[in-house]
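Spelled out from the first residue to the last, the chains are:
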Amino acid sequence: MAGLLNSLTSVDLRQRGPLGVQGDLGIRAGTFEQSLLLIDGVQINDPQTGHHSLNLAPDSDDLERIELLEGSGSRIFGPNAMAGAVNLVTRKPLYNSLRVFFGVGQYGLNQQRLSFGIRQKNFSNLFSVGRVSSDGYRDNTDFNQFRLLNKSELDLKPGLLSLTAALASNAFGAYKFYTGAYPWQYEQVRTGFARISFDGKGRNQFRAGVHWRRNFDRFELFREGKGWYEFRDGWYVRAQDTAGFPSSAGLIPYAGHNFHLTDVLGAETGLSRSGFFGRASIGASWKFERIRSTVLGQKLENPAQVTGYDARYGYGDTRNHLNLYADYSLTARFFGMSTGALLYYQPEYGWFFSPGADVEIRLKESVRLFASVNRALRIPTFTDLYYKGPVNQANPLLKPESALNWETGVLFSKQGLQLRTSLFIRQGRDIIDWVKPIDSVKWISMNHTRLLTKGAEFNAVWNRSGISKWLPHQLGFSSSFYEVSKQEGNFQSAYALDYIRLKLNFSGVHKLPAGLGLSWNLTYRDREGGWFDAGIQQQQAFEPVWLLDAKLSWYYRSWKLHVGATNCFDQPYYDISNVVMPGRWINAGIGYEIRFK
């Protein structure tokens, strides 16, 4: 999944570990909190922190496609799609089948996956379960992941009835993940999701759905367990090291781990009508968010027990969101347009109006010009508002951030060649970021006054099949260049100003004789900004890096074998402060598919 997302031109997946251990999804030089993630069109962002938004991301084998919306999507999806949105569309089984996969690799990598697909006349069901684990590429980078997905669809005469359920568990050594000052961090996350929806048919289409998402997060600043820190006589101790924080009065003992439990309950409904004069839609959605935590939120009168642990949720908060929208689109022979607006309400922040419009002009069958302007917003997360730690201080008075996005570009498509180039400007106001003043040891959350982002993107894909077995089946090249203005002042930015300034991406898919296939992806990244190295107590700049991933596959009847490697050049690099990513990592796997009636 990480490789698929990073191959997209405008996407910056800043990882703290491989294979989806933990990653922050950014789009067009925006922060990970400004990007919206959807699965089958349903928002799954976490209100505690955007670090958890990818928890439920399906395995790539369970995906039909990835849809990328570049630029503001607030009038379509609501708040938080300020820089863009990614929609992961799960596949629908085309036939009855059973798939099994086993994989191994360096650093004790171990993978198992099973999926079962049913396709009948008007019913389909996809069930998938998988596990991935590793001993880690250095101390405290081990991980153990589990994912389960079930998607059922019943095609009725009035419309499509869908039921989706997903579970994910992810436990990992978080070496310097959130601060370099305390390297022996550990985190365990468990996420559940369920949704039922109905999508009508015909000229007048009615749709409705409800969903629920729960996320449990246990974070250990000092990892507890055998060989790590153990609780003795009121202290966490590891060999000669006592967990705590130095002060003028002596060592302040580490009080214990942080626990967070978030619930999101949502409901949406809409009605659209198609006709000669285009398509008109109206709709509404409501979302309720709740957090119970040992540190985040306002103090609770009645603390609740943390299930399974000797701890209590002493803090919490709730909030409601209401979205009302209207949209109109028209497609003619040489012209297409879409315009609409979102009216958003949140009791603490009031009303927000988010209008927008997209226009497309077809000069020829192969050439199209497009332009758009949209307004967007993002609401602070509970971490932005409440988190306090040894080196962090949140601000409960944060305001929502907003942006006005302008874009124009051209599309060309002919005889297997597809080209796309675009220019955009994002005018941000009250941008939320964690910053560290030059004379402070703490990171604080604040609103920047203004932030101006300018960018240029180019994409080219060439598909050529059936001419020669040795010619590439597909070749791709893309590039992106971004420039973000900086607010005056002596402070270091944690996220808003650490963006990929220049990105080049080359990719290829080769169908070779004897059932062989080769795919590769070569990326150049030049990241703006820098970070403070806690080990040597010096400021460091992000260094440009070339990264190559490659996979050789062999197909024979129902069998598929592969050998692959990530970071083939064995380059040391950082996506996030203090967290060095793994070097060359070789893996192999074997899969088998059974088809039946």
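No experiment lies behind these values; they were computed from the predicted model shown.

Cut-offs and rules
Residues numbered from 1 in each chain as written. Predicted model: local features only at pLDDT ≥ 70, side-chain atom pairs only at ≥ 80, totals over all residues. Heavy atoms only, no water. Helix = DSSP H or I, 4+ residues; strand = E, 2+ residues; numbered from the N terminus. Rg over C-alpha atoms; globule rule 2.2 N^0.38 Å. Contact = heavy atoms within 4.5 Å. Lys, Arg positive; Asp, Glu negative; His and termini not counted. Charge placed at Lys NZ, Arg CZ, Asp CG, Glu CD. Buried < 20%, exposed > 50% of the residue type's maximum accessible area, 1.4 Å probe, protein only. Pairing = 2+ DSSP bridges. Core = buried A, V, L, I, M, F, W, Y, C linked by side-chain atoms within 4.5 Å. Phe/Tyr/Trp six-rings, centres within 6.5 Å; stacked < 30°, edge-to-face > 60°. Lys NZ or Arg CZ within 6 Å of the ring centre and 35° of its normal.

Draft legend 1. Highlighting the overall build of the chain. When you go through the chain residue by residue, the secondary structure sums to three helices and 43 strands. At 24 Å, the chain has a C-alpha radius of gyration in line with the 25 Å of a compact globule built from 597 residues. Projecting the C-alpha coordinates of the chain onto the three principal axes gives extents of approximately 75 × 60 × 45 Å. Taking the contacts inside the chain whose residues are at least 6 apart along the sequence as the reference set, 60% of them involve residues at least 24 apart. Each charge class in the chain was averaged separately, 67 positive and 53 negative side chains, and the resulting centres sit 8 Å apart.

Draft legend 2. A look at the environment of Pro93. Turning to its location among the elements, Pro93 is positioned in the loop between strand E6 (84–90) and strand E7 (97–105). On the basis of relative accessible area, Pro93 is assigned to the buried category, the value being 2%. Once the C-alpha coordinates of Pro93 and Phe123 are considered, the two residues, 30 residues apart in sequence, prove to be 9.9 Å apart. Setting aside chain neighbours within four positions, we find Pro93 in contact with Gly117, Ile118, Arg119, Ser124, Asn125 and Leu126.

Draft legend 3. Examining the sheet that holds strand E16 (residues 241–242) more closely. Strand order in the open sheet formed by three strands is E14-E15-E16, with antiparallel pairing between adjacent strands. The outermost strands of the open sheet, each flanked by one partner alone, are strand E14 (230–232) and E16.

Draft legend 4. Examining unusual backbone geometry more closely. The backbone of Ala29 shows a phi angle near 65°, a positive value even though the residue is not glycine. Its identity is not glycine, yet Asn567 carries a phi of approximately 50°, on the positive side. Summarising the element assignment, Asn567 is placed in the loop between strand E40 (559–566) and strand E41 (574–576).

Draft legend 5. Main features of the nonpolar core. Counting residues in hydrophobic clusters, the biggest one holds 22 residues, and the most contacted among them are Leu25, Leu37, Leu54, Leu56, Val86 and Leu88. Of all the secondary-structure elements, those providing two or more residues to this core are helix H1 (2–6), strand E1 (11–15), strand E2 (23–27), strand E3 (35–39), E6 and strand E11 (159–175). Among the nonpolar cores identified, the runner-up in size contains 14 residues, and Ala394, Leu398, Trp434 and Ala494 belong to it.

Draft legend 6. Structural context of the pairing of E2. In terms of burial, E2 is largely enclosed, as five of its five residues are buried. Alternating residues of E2 divide into Gly23, Leu25 and Ile27 and Asp24 and Gly26, and every residue in both groups is buried. Bridge count between E1 and E2: five bridges; the pairing is antiparallel. Its bridge partner being in E2, Asp12 is matched across the sheet by Gly26.

Draft legend 7. Spotlight on the packing of aromatic side chains. Using the criterion set out here, one finds 26 aromatic pairs in the structure. Linked through ring pairs, Tyr182, Phe222, Tyr229, Phe231, Tyr236, Phe245 and Tyr254 together constitute an aromatic cluster. One Lys or Arg, Arg28, reaches over the ring of Phe424 and ends 4.4 Å from the middle of that ring.

Draft legend 8. Representation of the pairing of strand E13 (residues 204–220) in the model. Direction of pairing for strand E12 (residues 184–200) relative to E13: antiparallel, over a ladder of 14 bridges. Paired with Arg195 across the bridge in E13 is His211. Where E12 folds back on E13, the antiparallel hairpin that results is connected by three residues, among which Gly202 adopts a positive phi of roughly 95°. Direction of pairing for E13 relative to strand E19 (residues 258–275): antiparallel, over a ladder of 16 bridges. Counted as the bridge partner of Arg213 is Val264 from E19.

Draft legend 9. Looking closely at the sheet that holds strand E34 (residues 491–493). Spatially, E26-E27-E31-E30-E34 is the arrangement adopted by the five strands of the open sheet, whose pairing is mixed. The sheet terminates laterally at strand E26 (388–389) and E34, the two strands that pair on one side only. In the sheet, E26 pairs with strand E27 (residues 392–393) via two bridges, with the strands oriented antiparallel. Counterpart to Gly389 in the pairing with E27 is Asn392.

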